[in-house]
Amino acid sequence: MRVIRGRAKTIDADRDVSRRLLSSAGGGEPAVRVWTPHRQIAFGRRDRRLEGYDRARELARERGFPPVERGVGGRAVAYDGETTLAFARAEPVADFRRGTGERYERATNAVERALRSLEAGLDPVRGEPEDSFCPGAHSLSLATEDGERRKVVGVAQRVRQDAAVVAGIVLVDRRETLADALEGVYGALEVPFDRESVGTVGSEGGPSDPTVVRSALEDALVGDERADATVESVDGASPE
């Protein structure tokens, strides 16, 4: 098991690090990475087909979020560059036509355990409110004080013939900053979006320190393989 920590110097270099996780898994060695990506709004393939896409990219820049494109489906997600976490667990596959549901389940269970381990009374529930950012079937939400739900985790999966990676986003803090950016982008795309559906670990009663949440996520995703894990840092940077 490889555990990769830290962030590369640029958005492109950082994305290359994540792509190498699949290569590692394709060679037979699972890999886990939990990190804080650079400030950006990452658009999905579905966004690129819409007439408002160019305007959405312009609005992202105006709000200080460099627009990038990711090679998977889904809608736009925002990283504030300091508190928003990304995670990925890559593993070898013997048959790419099988195991998708099991991998989703293992990863979702791990994220749930991580959030509950934060000793803040967090109780993540599966699913998301209506008109959430990047809507998907494998989201986690946290309850607000008035009993409503806000989305804090999105999960996706990429599979190739020899490996698969389950990856996702965890919003830790700066709820209003993220909601503002997403509201403008989704408005330009003319995609339904409710800013009140955006939650963060911190706004719903958990820790707002991304280092604390990152450590819990990494531990949960590595799981029983911790004893055999090798920790590496990105580009020689100090491990987080």
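See above for the structure.
Figured I'd write up the structure that's included with this text.

About the thresholds
- Residues numbered from 1 in each chain as written.
- Predicted model: local features only at pLDDT ≥ 70, side-chain atom pairs only at ≥ 80, totals over all residues.
- Heavy atoms only, no water.
- Buried < 20%, exposed > 50% of the residue type's maximum accessible area, 1.4 Å probe, protein only.
- Helix = DSSP H or I, 4+ residues; strand = E, 2+ residues; numbered from the N terminus.
- Arc of directions from axis to C-beta.
- Contact = heavy atoms within 4.5 Å.
- Pairing = 2+ DSSP bridges.
- Axes fitted to C-alpha atoms, helices over the stretch in contact; angles between N-to-C directions.
- Parallel < 35°, antiparallel > 145°, perpendicular 65-115°, else oblique.
- Left-handed = near helix turned anticlockwise from the far one by under 90°.

### Looking at helix α3 (residues 53-62)
For α3, the full list of buried residues reads Tyr-53, Ala-56, Arg-57, Leu-59 and Ala-60. Down the axis of α3, the buried set is contained in an arc of 160 degrees. They therefore lie on one face. Residues of α3 that are exposed and angled more than 90 degrees away from the buried face: Asp-54 and Glu-62. Buried residues along α3 sit against β3 (40-43), α2 (45-48), β4 (67-69) and α5 (175-189). Remark: Gly-64 follows α3 within two positions and exhibits a positive phi of approximately 85 degrees.

### Examining the sheet that holds strand β2 (residues 31-35)
Sheet strands pair by backbone hydrogen bonding; their relative direction is either parallel or antiparallel. The 8 strands lie next to each other as β7-β8-β9-β10-β6-β2-β1-β11, forming an open sheet whose pairing is mixed. For this open sheet the edge positions go to β7 (125-126) and β11 (230-233), each flanked by a neighbour on one side alone. Here strand β9 (residues 149-159) runs beside strand β10 (residues 163-170); their pairing, made up of 7 bridges, is antiparallel. Bridge pairing links Val-159 to Ala-164 in β10. Where helix α1 (residues 11-26) meets the sheet, its contacts fall on β1 (2-5), β2, β6 (85-92), β9 and β10, and the angle it forms with β2 comes to roughly 160 degrees.

### Here's the deal with the packing of α3 against α5
Interaxial distance between α3 and α5 falls to 8 Å at its minimum, and their mutual angle equals 165 degrees. As the angle between them shows, α3 and α5 are arranged roughly antiparallel. Crossing of α3 over α5 shows right-handed handedness. Of the residues in α5, those in contact with Tyr-53, Arg-55, Ala-56, Leu-59 and Ala-60 of α3 are Gly-184, Val-185, Ala-188 and Leu-189.

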